[in-house]
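Okay, here's what each chain looks like letter by letter:
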Amino acid sequence: MTSTTSLIRRRKEFRETYLWSLKKNRGMMALMALLLFMALPMILMTIMANARNNTKEIYTSDMWTQTYMQSFRSLIPILAIPITLIFVVVLSVFLFSYMHQKRSVDLFHALPVGRSPMLLGRLLAGLTALFAPILLNFAITLAVGMSYPVEMNTCWAPILTYLLWLMLVSAAALFFCAFMAVCTGTTVDMILSILGVNAAYPLLIFLSDNFARLLLPGLATDLNPNSIILTAIAPFAAAFMPFFGDGGRISGATQNVGTAFFIWWILFALVLLAVTVILYKRRSSECAESSFAFPIPKNVICFMITAVTGLGFGLILRGSGENAANFFIGLIAGSLAAHIVTEAIYSRGFKQLRKSFAGYGIFAAVFLVAYAILATGGFGYDTRIPNAADVASVSIDGESYDGNNTVYRTDGSRLAQITPTLTEAKNIEQTIDVHKKVIEENKKSYPYSIQMSNGITYNLSYHLKNGKVLKRAYSVPYQDTKDGGYTTVFTPLTELKEYRESGNLLFYVEPEYIKSVDVNTRNNGDGLTVAPDLNTKKRLLEAMRQDSLNGTIDSNKVDTTVSISIEYKHPTELKDGKLKSYLGNYNDKIDLGSRGYQLPEKGSATVALIKELGWDK
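Throughout what follows, the structure given in this document is the object of discussion. Just so it is clear, the model here is predicted, and its values are computed rather than measured.

The rules behind these values
Residues numbered from 1 in each chain as written. Predicted model: local features only at pLDDT ≥ 70, side-chain atom pairs only at ≥ 80, totals over all residues. Heavy atoms only, no water. Pairing = 2+ DSSP bridges. Helix = DSSP H or I, 4+ residues; strand = E, 2+ residues; numbered from the N terminus. Contact = heavy atoms within 4.5 Å. Axes fitted to C-alpha atoms, helices over the stretch in contact; angles between N-to-C directions. Left-handed = near helix turned anticlockwise from the far one by under 90°. Nonpolar A, V, L, I, M, F, W, Y, C, P; charged D, E, K, R; others polar. Buried < 20%, exposed > 50% of the residue type's maximum accessible area, 1.4 Å probe, protein only. Lys, Arg positive; Asp, Glu negative; His and termini not counted. Salt bridge = Lys/Arg side-chain N within 4 Å of Asp/Glu carboxyl O.

1. Overview of the sheet that holds strand 1 (residues 391–397)
Moving on, step 1. With respect to topology, 4 strands assemble into an open sheet ordered 4-1-5-6, the strand pairing being antiparallel. Looking at strand neighbours, the two that pair on one side only are strand 4 (421–422) and strand 6 (469–476), the edges of this open sheet.
Moving on, step 2. Relative to strand 4, strand 1 runs antiparallel, the two sharing 2 bridges. Within strand 4, the residue paired with Val394 across the bridge is Leu422.
Moving on, step 3. Relative to the sheet, helix 14 (residues 425–443) contacts strand 1, strand 4, strand 5 (456–464) and strand 6, its axis offset from that of strand 1 by approximately 60 degrees.

2. A word on the sheet that holds strand 2 (residues 406–409)
Moving on, step 1. A sheet is described by the order of its strands in space; here 3 strands give the open sequence 3-2-12, paired in antiparallel fashion. Each of the sheet's edge strands pairs with one partner strand only, and the pair in question is strand 3 (414–417) and strand 12 (590–591).

3. Quick word on the packing of helix 12 (residues 325–347) against helix 13 (residues 353–375)
Moving on, step 1. Following both chains from N to C, one finds helix 12 and helix 13 inclined at 150 degrees, their axes separated by 10 Å at the closest point. As helix 12 runs across helix 13, the sense of the crossing is right-handed. Residues Phe327, Phe328, Leu331, Ile332, Ser335, Leu336, His339, Ile340 and Glu343 of helix 12 pack against Leu353, Ser356, Phe357, Tyr360, Phe363, Phe367 and Tyr371 of helix 13.
Moving on, step 2. Residues that form the contact of helix 12 with helix 13 fall into these classes: 12 nonpolar, 3 polar and 1 charged.

4. A few points about the side chain of Arg122
Moving on, step 1. When you line up the elements, Arg122 lands in helix 6 (residues 115–146).
Moving on, step 2. It turns out Arg122 is buried and unbridged, and the closest side chain with the opposite charge, Glu13, is 12 Å from it.
Moving on, step 3. Those residues in contact with Arg122 that sit more than four places away from it in its chain are Thr17, Trp20, Ser21, Phe94, Leu95, Phe96, Tyr98 and Phe108.

Structure follows, in structure tokens:
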């Protein structure tokens, strides 16, 4: 007959386990606090002191705030997060390694303490050991800011956001380590599994995305460093994602990810905690010093490592030669080698190798099914085009990243990208005609095989009248022209007036946004910096817009001999106009920075204006 343990007794067991575990790890907690202090407040104090002592100009409150926040944002992903994650692993080893030693696990399980309070007490001790140093050093960081003329009323929200994210991701990482500790039989397997999942899973998603896009023409996945799926079960990798902007640029701004990203990690952390407790209750003590207590995690990890190595090696060999068979040679060789090595490490030899090939067969079957679907058009994905009458607008992005047409927030994070958009019916019909030509050209190599990108990538986004969006991405070859430029099948679209007007920041800014202009010609040596009056700013914008419509600014077909750089006011306060409307009536200030342009000596309205104003002397 099983006795029922009272709630009071469970609470006592939990409290005693928590206090005992916390006492055992107080040295690590102190060490983490010291290292975080050196990595965050100490460096920040040095930067602020240097700014005060080394600058000759008068430091305004805005300048102090900018120095403080930019330094803080840089230190979080570069130092604070790596230190925190390292201590997550170290604390996990100290807290849960007893599960992996037969004598220790027998001793602890013989104690009059239930498994749930034993595990939860240790987890809470781990969270305390992580959160206490983090909270202490963030408090010191705030004190540093308050000791200088920093506008702290604008700093509280972002600092609190970083604090909550660091606490959330460290909790998720700790729960993940506890889950692996429960599933594995040795501490070595636990650490290898933690590293394996956090390295292999993001690589698997990234390589699978590349494989699919290279095989299926037109496939647009929108995968970027901030996509939830890229790090959905890899908390150590996800910790850095909010600090990466588009194109993998470290920006130190949490606006790079959406609310769904944070919601996912809250839910995933709670699910991990629940699953870990349930599995620990079912974990047999005899699993200590064995390979895995539960086989599913091992099989999943082996699958991921096998797939990552096979796809990666296959794509490398495919890119090194013209023969499409190179991909399959690399895939088979890489996946087999990875499978054998992974199995040998986990099984401490080759005794289980023959049985393990059933898992390799699952990988082979999944790959063959995926390849067959993609190579035959993805159930009609390759030929699907909307009717022109159903399209409200179509956006065409022919550049992977164009800094001249990007709008930033004042904290340096990306707010919007000015993308060419066609709304006129005749232009939409012309776009669909070009799209059909691309599809017909791709159909010549049906069924499809992996084709490495060797041209210019164009991204099409059809905004349909029913609210849906249809996206396609094509890498098309280009042909050199006699005047030194190039053309593609999309060139007629990029020469449309609506395309050039809608995709160039020059047509959105107001003359009042301009602060100064730098001009560099063959005649004026190191260049000339001027602060034109409002009327001259208007004339300059009109001339540059005309050059943009004529295709004589930043053109790949002209010999550029004149460079002009526009320095915008920082920060820029938006006024009612085209840019504010494009940004959805954004009310905060923005940062446009400095934008450079190249112009030809002849045939340019801007160069003619420069000469008229005497800026070329």
